[in-house]
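Okay, here's what each chain looks like letter by letter:
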Amino acid sequence: MARQAMKKRTDFLFQLSGWVLFIVSALFFIGASLRAGDVLALLGSIAFFVACFIFLVPLIAHLRAGND
């Protein structure tokens, strides 16, 4: 039982780490598109940034509920 809880926690941390890296990537894409003056790339980067947070909502809700 403890092993299963540890696996769930590890899976959660990997998912969270992945989404944090996606957010960092989105910030770099936003910076690059601003630097290049590319409005279309900026809009796409902002949409990607917002989508990352939308996908984080269930993970954060799961964490706040105290579910392992």
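Residues numbered from 1 in each chain as written. Predicted model: local features only at pLDDT ≥ 70, side-chain atom pairs only at ≥ 80, totals over all residues. Heavy atoms only, no water.

A. Seen up close, the overall build of the protein chain. For the protein chain, the helix and strand inventory stands at two helices and zero strands. Summarising its shape, the C-alpha atoms of the protein chain cover approximately 55 × 15 × 10 Å along the three principal directions. Every one of the 68 residues in the protein chain was classed for burial, and the buried ones make up 15%. Once local pairs closer than 6 in sequence are excluded, the contacts in the protein chain between residues at least 24 apart make up 56%. When the accessible surface of the protein chain is totalled, it reaches about 5,300 Å², and 72% of it is carbon and sulfur. (Helix = DSSP H or I, 4+ residues; strand = E, 2+ residues; numbered from the N terminus. Buried < 20%, exposed > 50% of the residue type's maximum accessible area, 1.4 Å probe, protein only. Contact = heavy atoms within 4.5 Å. Areas by Shrake-Rupley, 256 points an atom, 1.4 Å probe, with all protein chains shown as cover.)

B. Inspection of the environment of Phe 28 at higher detail. Position of Phe 28 among the secondary structure elements: in helix α1 (residues 2-36). The class for Phe 28 is exposed, based on a relative accessible area of 63%.

C. Fine view of the nonpolar core. Phe 12, Ile 23, Cys 52, Leu 56 and Leu 59 together form the largest nonpolar core, which totals five residues. Only α1 and α2 (39-64) provide two or more residues apiece to this core. Ranked by residue count, the leading element in this core is α2, at three residues. (Core = buried A, V, L, I, M, F, W, Y, C linked by side-chain atoms within 4.5 Å.)

D. Geometry of the side chain of Ser 45. If you trace the backbone, Ser 45 turns up in helix α2. The exposure class assigned to Ser 45 is buried, which follows from its relative accessible area of 9%. Here the side chain of Ser 45 touches Ala 41 through a polar contact of 2.8 Å, landing on its backbone oxygen. Excluding its chain neighbours within four sequence positions, the residues that come into contact with Ser 45 are Ala 26, Phe 29, Ile 30 and Ser 33. (Polar contact = N/O pair within 3.5 Å; in protein donor to acceptor, adjacent residues only side chain to side chain.)

All quantities given are derived from atomic positions and should not be read as evidence of function.
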